[in-house]
Each structure stands twice: as structure tokens, then as C-alpha cells.
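Below, each chain spelled out in residue letters.
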Amino acid sequence: MSTLLPTLGTAPATSVTAVDVLDAPLDDLLAEYRTEIVDSSITDRTFFGAFVERRDGSRILSMPVGRSAFERDTAARMLLAEGLGLDAPPVPAPLAVSHA
């Protein structure tokens, strides 16, 4: 299988650049990093999503429903980059990422 990004087992995540995260089709990014988007029941307008890594190594992006496609895509890319520690710029103010 040919991918746009290095496979996790063969290259460090830091070799992925911000350009990769921004330019690759979102579905390809999600497949490459074993990440599934699921709908969140959180309705707070200040919640943009959560990145969760399971014990088996798979990942979830829990995203609020009812957001525009652009907003959902952008938040998913920012959360994925942050959660995986990829080489991407920090999220812009006034957004903030918290780690639990």
C-alpha cells in the first residue's frame, strides 16, 4: 500500500511535516494513524473535540456534531497533529489544547 505519510512503525512521527497534515486528504491521515472520528455528545460551543488513544494503539477523535465541514476538518487536523506530536504549528489563539 502506498501512503502519503510514513508508517508509524518505520519512521518517527516527527518526520511528518505541517504541510503533510494540512495537505493530505483527511481520510488518508485518519487511516494512516488508525484514527476514527466519532460524534461527541458535548454541546458546549467552546468544545472543538478530543483526541483519545486507546490501549490497543488505535485512536479516536471525538468531535461535536452540527459544525461546518470546514470547522470539523480544521479541528480534526489540529487535534491529530497535537495528539500525535507531529511537526505542526500550535493551535491559534484563542483556541487552547489541554492534556489530561
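You'll find the structure just up there.
Residues numbered from 1 in each chain as written. Predicted model: local features only at pLDDT ≥ 70, side-chain atom pairs only at ≥ 80, totals over all residues. Heavy atoms only, no water.

**Focus: helix H3 (residues 69-84)**
For an α-helix the count is 3.6 residues per turn, leaving residues at separations of three or four pointing the same way. Across its 16 residues, H3 extends 22 Å between first and last C-alpha, which sits within 8% of the 22 Å expected from 1.5 Å per residue. Every buried residue of H3 is accounted for by Ala75, Ala76, Arg77, Leu79, Leu80, Ala81 and Leu84. Positive phi shows up at Gly85, right after H3, with a value of about 70°. (Helix = DSSP H or I, 4+ residues; strand = E, 2+ residues; numbered from the N terminus. Expected span 1.5 Å × (residues − 1). Buried < 20%, exposed > 50% of the residue type's maximum accessible area, 1.4 Å probe, protein only.)

**Examining the nonpolar core**
Taken as a class, soluble globular proteins show a tendency for nonpolar side chains to be buried jointly. Counting 15 residues, the largest nonpolar core has Leu61, Met63 and Leu86 as the members making the most contacts within it. At the level of secondary structure, the elements contributing two or more residues to this core comprise helix H2 (26-32), strand E3 (59-64) and H3. Residue contributions to this core peak at six residues, all from H3. Residues in contact with Met63, not counting those within four places in the same chain, are Ile37, Val38, Asp39, Ser40, Phe48, Gly49, Arg72, Ala75, Ala76 and Leu79. (Core = buried A, V, L, I, M, F, W, Y, C linked by side-chain atoms within 4.5 Å. Contact = heavy atoms within 4.5 Å.)

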